[in-house]
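Coordinates in review
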Amino acid sequence: MAGRINDDDVKAVRDAVPIDAVVSEYLQLRNAGGGNLKGLCPFHDEKSPSFQVSPSKGLFHCFGCQEGGDTIAFVMKIDHLSFSETVERLAALAGITLRYEEGGYNPTHQRGERVRLVEAHKAAAQFYVEQLDSAEAEIGRTFLAERGFDQDAAQHFGVGYSPAGWDHLTRYLRGKGFSDKELTLSGLSQEGRRGPIDRFRGRLMWPIRDITGEVVGFGARRLRDDDNGPKYLNTPETAIYKKSQVLYGIDLAKKEIAKTSRAVVVEGYTDVMACHLAGVTTAIATCGTSFGGDHIKILRRLLMDNASAEVVFTFDGDAAGQKAALRAFEDDQKFAAETSIAITPGGMDPCDLRLAKGDEAVASLVETRTPLFEFAIRHVVSRHNLETPAGRAAALDEAAPIVANIKNIAIQHESAVQLAGILGILDTQFVVKRVAQLARWARDRGGRGPAAPQDRRTAPSYDMGPSGPPGPSGPALNLRSPAHRTERELLKLALQRPELVSPAFDAYGADEFTAPPYAAVRQVIEEAGGAEQGAQDTSDYLARVRETAPDDTVRALVTELAVEPIMRKAVDEIYAGEQLIRVRLRAVDRRILDVQGTLARLGGPHADPERLTAVQNELWVLQQYAQSLRNHGAAAL
């Protein structure tokens, strides 16, 4: 067995490989002044860079977690290698031949497990590439060509082919000096009845590389109908391959990600290829698993979490794609970077899109991205009818807590403003204050969120009974509200002095009364024959209204309004007209706000012209009517 590595050779390796070059393979470094560089520490989570590298001294140190050392120490810790494995790996990079003290130079000495597994994968990748030129691999070459990838593209990404036989790769790697145990541990072979056999057979092969460019696994695509395996078969979990910790294409994309502060996350190997060939060279993909926390750590070290950094997710527009997008949104707050989503048109993935519409369409896909927050909010809001006040209120109740969970206060505020626009609520400050209130509640409760979906002190609720109009079931009506006071006064007039408000009152809909209990009273008056009928026959008018009431609650309110004094001693047609105008004008103004909100939601390049014109016409009519009510009073009713 070989002895330890010669000390002079260790020093030669340490001097030959610049520490900044090695560290830059794992994270983005920026000028820290004084000849030093800084970045986000790869050994602990941090928001601001406390990890520094001194190229002149060949050392690194993190002022946050106190990790430090030279180039060898850095590689040992980040890749979990032994001292000898690290020196051997760096020596290979520098082209230095190592000598061993006991027994002299021995090129076939026992190597560390990780180094051996990496070497096995490197050899396998070369084997698969060579096999892609074989006659048997024509089906694989056809698959690539049909998806717009030529020989140069396959070579750039190292795409290969695994022969359909049982042990072609296994025999090849045995010939390279790898043991059966090493082949099994690597995941390249698996146990058969008579020994190891190839794990991948008759498939198109994509090498999966770590951030330094070393092959650590493979993704294999089924090509033949008689292949009963899954569509994609990946390397199993091994000492060097953890699917939750690798991103396909990261070795090719990392420099551009660091340079542009943008990463584009796609769903498959061919999507990464399509994006890179279309000029989107920041594209990466997960390998058979959802985008998760470990993937975020990799990107954060490259993006440096600066304010302009961005992560763009691309997903199909189908239900599965939307579900994946919402899963990504759950991790949104782990980024300081902005997160966006680009939905591919017609359910096409980037590979299909490039094939159908060319490189420009793929590049444009990323440029037409939508903030992931907005996508998540629109998904929530889509379950509600925004054309009604109740629908908008319910949508706000569900969407506001999502915005309140945004930790960055400035982004939270901007997102609240955006939410108001999505909902068509023109009173932006109301939404902003609502979100801020929920955020305060969440902080007060230790991040657990508000105790209830709405503030009961300011937003009473009413129950829609199983039959008939709604009845009050919450706190007392807010009589300090001008709208509520006027509506109450008009209902008292309709019950006590119907001759003063008819026939105009009977043309008022229940939706012109903002309080559900008042809307319920308006409804039973109509069902009892209306105010005009009461004006003609006052003898049993109130009795009919009370009998029409659907329950004791509404009946009690009718009685209350029928006996409560009207607020003016001299009750006449002028006073009655003023109440009619106030209720109608507020209803018209509310409808104008609704229509303006609809216009805000319809705005954009994809708006339906006919729908847009109809809404604009309705708005014009409403505005003219409101002006007439203000100018002419009851005469305009």
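Above this text you will find the structure in question.
A short tour of the structure in this document, coming up. (Residues numbered from 1 in each chain as written. Predicted model: local features only at pLDDT ≥ 70, side-chain atom pairs only at ≥ 80, totals over all residues. Heavy atoms only, no water.)

**Description of the overall build of the protein chain**
Secondary structure summary: the protein chain contains 27 helices and 18 strands in total. Counting contacts in the protein chain only where the partners sit at least 6 residues apart, residues at least 24 apart contribute 65% of the total. Surface summary for the protein chain: the accessible area is close to 30700 Å², and the carbon and sulfur share equals 50%. (Helix = DSSP H or I, 4+ residues; strand = E, 2+ residues; numbered from the N terminus. Contact = heavy atoms within 4.5 Å. Areas by Shrake-Rupley, 256 points an atom, 1.4 Å probe, with all protein chains shown as cover.)

**What about the pairing of strand E4 (residues 59–62)?**
On E4, burial follows the alternation: Phe60 and Cys62 on one face are buried, whereas Leu59 and His61 on the facing-out side are not. Inspection of the sheet shows strand E3 (residues 51–54) paired to E4 by four bridges, in the antiparallel sense. Bridge assignment links Phe51 to a residue of E4, and that residue is Cys62. Linkage of E3 to E4, two consecutive antiparallel strands, is achieved through a turn of four residues, within which Gly58 is found at a positive phi near 70°. In sequence, E4 turns back onto strand E5 (residues 68–70) through a hairpin of five residues, with Gln66 there showing a positive phi of about 70°. (Buried < 20%, exposed > 50% of the residue type's maximum accessible area, 1.4 Å probe, protein only. Pairing = 2+ DSSP bridges.)

**So, the pattern of salt bridges**
With the rule as written, the count across this model stands at 36 salt bridges. Asp210 serves as the salt-bridge partner of Arg114, at 3.9 Å between the closest nitrogen and oxygen. Of the two residues, Arg114 is situated in helix H5 (residues 113–131) and Asp210 in the loop between strand E9 (203–209) and strand E10 (215–222); the sequence distance between them amounts to 96 residues. Each member of the pair, Arg114 as well as Asp210, carries the same accessibility label: buried. A salt bridge links Arg584 to Glu512, with the nearest nitrogen and oxygen atoms 2.7 Å apart. Residue Arg584 is found in helix H26 (residues 573–602), and its partner Glu512 is found in the loop between helix H21 (498–501) and helix H22 (516–527); the two are separated by 72 residues along the sequence. The burial state of Arg584 is the same as that of Glu512; both residues are buried. (Salt bridge = Lys/Arg side-chain N within 4 Å of Asp/Glu carboxyl O.)

**Quick notes on the side chain of Asp210**
Its relative accessible area of 12% is what places Asp210 among the buried residues. A distance of 2.7 Å separates the side chain of Asp210 from the side chain of Thr212, its partner in a polar contact. When residues no more than four places from it in sequence are discounted, the contact partners of Asp210 are Arg114, Val216, Ile250 and Asp251. (Polar contact = N/O pair within 3.5 Å; in protein donor to acceptor, adjacent residues only side chain to side chain.)

**Observations concerning the packing of aromatic side chains**
One pass over the structure, following the stated rule, counts 18 aromatic pairs. The interplanar angle of 70° and the centroid separation of 5.6 Å between the aromatic rings of Tyr26 and Phe74 together place this pair among those described as edge-to-face. Taken together, the residues Tyr26 in the loop between helix H2 (19–23) and strand E1 (30–33) and Phe74 in helix H3 (residues 71–79) connect sequence positions 48 residues apart. Geometrically, the ring pair formed by Tyr128 and Phe218 is edge-to-face, given 5.1 Å between the ring centres and 90° between the ring planes. Taken as a pair, Tyr128 in helix H5 and Phe218 in strand E10 lie far apart in primary sequence, 90 residues in all. Taken individually, Tyr128 and Phe218 each receive the classification buried, so the pair is uniform in this respect. Put simply, the rings of Tyr26, Phe43, Phe51, Phe60 and Phe74 pair up and form one aromatic cluster. (Phe/Tyr/Trp six-rings, centres within 6.5 Å; stacked < 30°, edge-to-face > 60°.)

**Re the packing of H3 against helix H4 (residues 83–94)**
Remark: H3 packs on H4, axes separated minimally by 9 Å, with the N-to-C direction vectors making an angle of 110°. The orientation of H3 relative to H4 falls into the category roughly perpendicular. In terms of crossing hand, the pair formed by H3 and H4 is right-handed. Contacts from Thr71, Ile72, Val75, Met76 and Asp79 in H3 reach Phe83, Thr86, Val87, Arg89 and Leu90 in H4. Broken down by class, the residue content of the contact of H3 with H4 amounts to six nonpolar, two polar and two charged. (Axes fitted to C-alpha atoms, helices over the stretch in contact; angles between N-to-C directions. Parallel < 35°, antiparallel > 145°, perpendicular 65-115°, else oblique. Left-handed = near helix turned anticlockwise from the far one by under 90°. Nonpolar A, V, L, I, M, F, W, Y, C, P; charged D, E, K, R; others polar.)

**Focus: helix H27 (residues 609–632)**
With 24 residues, H27 should cover 34 Å at 1.5 Å per step; its first-to-last C-alpha distance of 35 Å lies within 8% of that length. Considered for burial, the residues of H27 that qualify are Val615, Leu619, Leu622, Ala626 and Leu629. On its buried face, H27 sits against H26. Just downstream of H27, Gly633 is the residue with a positive phi angle, here 65°. (Expected span 1.5 Å × (residues − 1).)

**Points about the sheet that holds E5**
Sheet architecture is open: five strands sit in the order E1-E2-E3-E4-E5, paired in antiparallel fashion. Bordering the open sheet on either side are E1 and E5, each of which pairs with just one other strand. Strand after strand, the sheet turns through a mean of 25° between neighbouring axes, direction not considered. Docked against the sheet, H3 engages E3, E4 and E5, running at close to 120° with respect to E5.

**Considering the packing of helix H16 (residues 372–381) against helix H17 (residues 389–404)**
One way to put it is that H16 packs onto H17 with a least axis distance of 9 Å and a crossing angle of 155°. With respect to each other, H16 and H17 are oriented roughly antiparallel. As for how H16 packs across H17, the hand of that crossing is right-handed. Along its contact with H16, which presents Phe373, Ile377, Val380 and Val381, the element H17 presents Ala395, Glu398, Ala399, Ile402 and Val403. Residue composition of the contact of H16 with H17, grouped by class: eight nonpolar, no polar and one charged.

**Examining unusual backbone geometry**
Peptide bonds are trans in most cases, and residues, glycine excluded, mostly fall at negative phi. The peptide bond linking Ser502 to Pro503 adopts the cis configuration, its omega dihedral lying at 5°. Structurally, the position occupied by Pro503 is in the loop between H21 and H22. With a phi angle near 70°, Gln66 is a residue other than glycine that sits in the positive phi range. Tracing the backbone shows Gln66 in the loop between E4 and E5. Note on Gln66: relative accessible area 52%, which makes it exposed. Of note in this structure, Ser261 is not a glycine but carries a positive phi near 55°.

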